[in-house]
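Chain residues, written in single-letter form:
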Amino acid sequence: MEKQNNQEYLTAIQAAFGADVLAHEEAFGMLNVELTPARIHDAIAWLQQHQDLSVNYLTNIAGIHYPDAAGREFAVVYQLHSWKNNLRLRIKGYLPKENLHIATITDLFAGANWMERETYDFFGIIFDGHPDLRRILNMDDMDYFPMRKEYVLEDATREDKDDRFFGRNNNEL
Amino acid sequence: MSQDLKDVIQAADPANVATINFGPTHPSTHGIFQNILKVDGEKIISSEQTVGYIHRAFEKLAERRPYNQITPITDRLNYCSSPINNIGWEMTVEKLIGVDIPKRVQYMRVIIMELARIADHLICNSVIGVDAGALTSFFYPFSEREKIYELYEELSGARLTTNMGRIGGFERDFTPVFHQKLKSFLKTFPKAFEEFDSMLARNRIFMDRTKGAGPISAERALSYSFSGPNLRAAGVDYDVRAMNPYSSYEDFDFIIPVGVNGDTYDRFMVRQEEIRQSLRIITQAYNNLPEGDYKADLPDFYLPAKSDVYNNMEALIYHFKIVMGETELPVGEVYHAVEGGNGELGYYLISDGGRTPYRLQFRRPCFIYYQAYPEMIKGLPISDAVLTLSSINVIAGELDA
């Protein structure tokens, strides 16, 4: 059978998940699909079992913090790979900072265990149903989530290290 | 797991179960990671891992570093094969900014990355020997690794944390000394390597110790997102170099060795064969090394030569703009993966147009497959757990980032 491309993946996902597909784009040749967070577990399970799409490999899970995006401050990004079609895609879900819950995919991929623990450790995103959601790289008694963009990295009294010098026109810091 | 081992686990009398610490600073863990084992006599009933002892917050650090200053961070991921990490990162940035890399640079990169793979696999395999009690076979390969380090030194000035190359190419061309040393390496290494191979590959004691130690099935390995030699030892022929060729890997003829049982012996044999294949790739790349420049025409990112900065207005401007971070960067998300010493080493870079990444995530193969370790050693004696740990080649730097 012919190898499927991004467009065919997108059409299939849209057909199956309709209104839950909130946005999509092709970034540097890789398909990005934003889904309703509550449906992501089902979508990944469906992609994994689908005969033609056959997404068999979980590459990684990443958290991202967008402090300025009201109602969608945190993103969880699943990078998946279909070896049959040699196609990589990203599934994204955006969570509001008040409700950082998303279903675990450890029942689909055993390797998601530590990836989710790392995302929890860095961003505080809670994966419901995870068998052992503890911090992994940081100390257990740490009381903050270090990868959130809330912390001033340099000495706050220094004036030569603010965002303007990193190419961002942000005068708030 | 055999039936009698299963019986041992089920029959374990709570009174006989001992809890022991394997690590964090145990000579045979080859790094700082802790495993709390529950053992009944010699048999491991369960284990619990603690990682993160050398977590240095690379992903957070990277958010405040310009792109060219992130290369030294990548050195410290898998420090047994730093050049692969460096070049993988440079290729990620090049993908973001969209440059055509000259063929010569691509071939030079292939030569360096395959040398790094040889060094990485050589150390891993000789350490498996050490953990099985064969110390001699550990010392011999070091003189060969030394030659690879001299080649790094010739090209980058450093040996372990190489900071190899630049965005757009290399800092310098292959020097005459490099050519001479590489030629002599290609001539002498195969013989030395086969001597090393003959010490272990068909050694009765080594085979008895490593066969059946820490096996994993292809299904479980895939579910755990294994990659690299550990996945291939389980019989799955996934290799990023063949699946998504980068840096002209499609030009070279090489095979992807696979194992059958996914045990320590298969992992050893897969790495041995990969060293031979890497040599083939290096020979092909070196014999067909194209003429041309050792860097791309990329004035916005590649620092001009100092002599030009002093004498040429344009070069001075570019130098200033690069150092002061005034370069325009595209906005976007890229993922680029290379086949590292331990598997798919990926960089997920999110740029908001700033001088530093908005978010940079490293897909670190060690971190992902090390979580399968308790499953792999269940029911085995402690001595096999040691062998398994060294054969999956967990590098603390890559594990903890």
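Everything quoted here is computed from the prediction, not taken from an experiment.

Caption draft 1: Fine view of the overall build of chain A. For chain A, the count of helices and strands is three helices and seven strands. The secondary structure elements of chain A, listed N-terminal to C-terminal, are α-β-β-α-β-β-β-β-α-β. Counting all 173 residues of chain A, 38% fall into the buried class. Here the analysis covers contacts within chain A between residues at least 6 apart in sequence; of these, 49% occur between residues at least 24 apart.

Caption draft 2: How the structure looks around the sheet that holds strand S5 (residues 343-352) of chain B. Residue and element names in this part refer to chain B. Reading across from one edge, S4-S5-S6 is the order of the three strands in this open sheet, with antiparallel pairing throughout. Strands at the two margins of the open sheet, each flanked by one partner only, are strand S4 (331-340) and strand S6 (359-363). Taken pair by pair, the neighbouring strands of this sheet meet at an average axis angle of 10°, ignoring direction.

Caption draft 3: Structural detail: the domain arrangement of chain B. All names here are of chain B. Per the domain assignment, the segments making up chain B are domain 1 (3-50) and domain 2 (58-400). Computed from C-alpha atoms alone, the centre-to-centre distance between domain 1 and domain 2 is 32 Å. In this assembly, 17 residues from domain 1 lie in contact with 18 residues from domain 2. Looking at the side of domain 1 that touches domain 2, the elements that each hand over two or more residues are helix H1 (3-11) and strand S3 (43-50).

Caption draft 4: Quick peek at the pairing of strand S1 (residues 21-27) of chain A. All names here are of chain A. Two strands pair when backbone bridges link them, and S1 and strand S2 (residues 30-35) are joined in this way by six bridges, in the antiparallel orientation. Bridged to Ala23 within S2 is Glu34. Hairpin connection from S1 to S2: two residues lie between these consecutive antiparallel strands, with Phe28 at a positive phi of about 50°.

Caption draft 5: Molecular detail of the sheet that holds strand S1 (residues 17-22) of chain B. Residue and element names in this part refer to chain B. Across the sheet, which stays open at both edges, the three strands sit in the order S1-S2-S3 with antiparallel pairing between neighbours. Because the sheet does not close on itself, it has two edges, and the strands there are S1 and S3. Each adjacent strand pair in this sheet contributes to an overall mean axis angle of 20°, direction not counted. In this structure, strand S2 (residues 34-40) lies alongside S3, joined through seven bridges in antiparallel fashion. Looking at S3, one finds that Gln34 is bridged to Thr50.

Caption draft 6: Inspection of the nonpolar core at higher detail. Formed by 147 residues in total, the largest nonpolar core has its most connected members in A:Ile91, B:Leu115 and B:Leu399. With 16 residues, the single largest contributor to this core is helix H5 (residues 103-131) of chain B. Residues lining this core come from more than one domain, with at least three contributed by each of domain 1 (3-50) and domain 2 (58-400) of chain B. Excluding residues within four positions of it along the chain, B:Leu399 makes contact with B:Phe33, B:Val51, B:Arg364, B:Cys366, B:Phe367, B:Tyr370 and B:Val394.

Caption draft 7: Local environment of the interface of chain B and chain A. The interface is formed by 33 residues belonging to chain B together with 30 residues belonging to chain A. Looking at the side of chain B that touches chain A, the elements that each hand over two or more residues are helix H2 (58-62), helix H9 (218-223), S4, S5, S6 and helix H15 (365-370) of chain B. For the side of chain B that touches chain A, the per-class residue count stands at 12 nonpolar, 12 polar and nine charged.

Caption draft 8: How the structure looks around the environment of B:Pro229. Residues and elements named next belong to chain B. Within the secondary structure layout, Pro229 lies in helix H10 (residues 229-233). For the pair Pro229 and Gly354, spaced 125 residues apart in the sequence, the C-alpha separation amounts to 37 Å. If sequence neighbours within four positions are ignored, Pro229 has contacts with Arg267, Val270, Arg271 and Glu274.

Caption draft 9: Looking closely at helix H3 (residues 67-75) of chain B. Buried within H3(B) are the following residues: B:Tyr67, B:Ile70, B:Thr71, B:Ile73, B:Thr74 and B:Asp75. Residues of H3(B) that are buried in the fold lie against H2 and helix H4 (82-97) of chain B.

Caption draft 10: Summary view of the environment of B:Tyr294. Residue and element names in this part refer to chain B. Tracing the backbone shows Tyr294 in the loop between helix H12 (264-287) and helix H13 (306-311). Sequence separation between Tyr294 and Met108 is 186 residues, and the spatial gap between their C-alpha atoms is 8.2 Å. Non-local contacts of Tyr294, meaning those with residues more than four positions away in its chain, are made with Arg104, Val105, Met108, Gly169, Phe170, Arg172 and Asp173.

Rules used in this analysis
- Along every chain, residues carry numbers that run from 1 in the direction the sequence is written.
- As a convention, the first chain written is A and the first ligand written is 1, with the rest following in written order.
- With the structure being a predicted model, the display of local features is reserved for residues of pLDDT at least 70 and the display and counting of side-chain atom pairs for 80 or more, all residues being used for whole-chain, interface and lining totals.
- Secondary structure elements follow DSSP: runs of H or I of four or more residues count as helices, runs of E of two or more count as strands, with numbering from the N terminus.
- Neighbour counting defines burial: a residue surrounded by 20 or more other C-beta atoms within 10 Å of its own C-beta is buried, one with 12 or fewer is exposed, and intermediate counts give partly exposed, using backbone-placed C-beta atoms.
- Contact between residues is assigned whenever the C-beta positions, reconstructed from backbone atoms, fall within 7 Å.
- When DSSP locates at least two bridges between a pair of strands, those strands are taken to pair.
- To get an axis, a line is fitted to the C-alpha atoms, and for a helix only the part in contact is used. The angle between two axes follows their N-to-C directions and goes from 0 to 180 degrees.
- Annotation comment: domain bounds sourced from an automatic or database domain assignment.
- A set of buried residues drawn from Ala, Val, Leu, Ile, Met, Phe, Trp, Tyr and Cys, joined through C-beta atoms within 7 Å, is what defines a nonpolar core.
- Residues are grouped as follows: nonpolar covers Ala, Val, Leu, Ile, Met, Phe, Trp, Tyr, Cys and Pro; charged covers Asp, Glu, Lys and Arg; every other residue, Gly included, is treated as polar.

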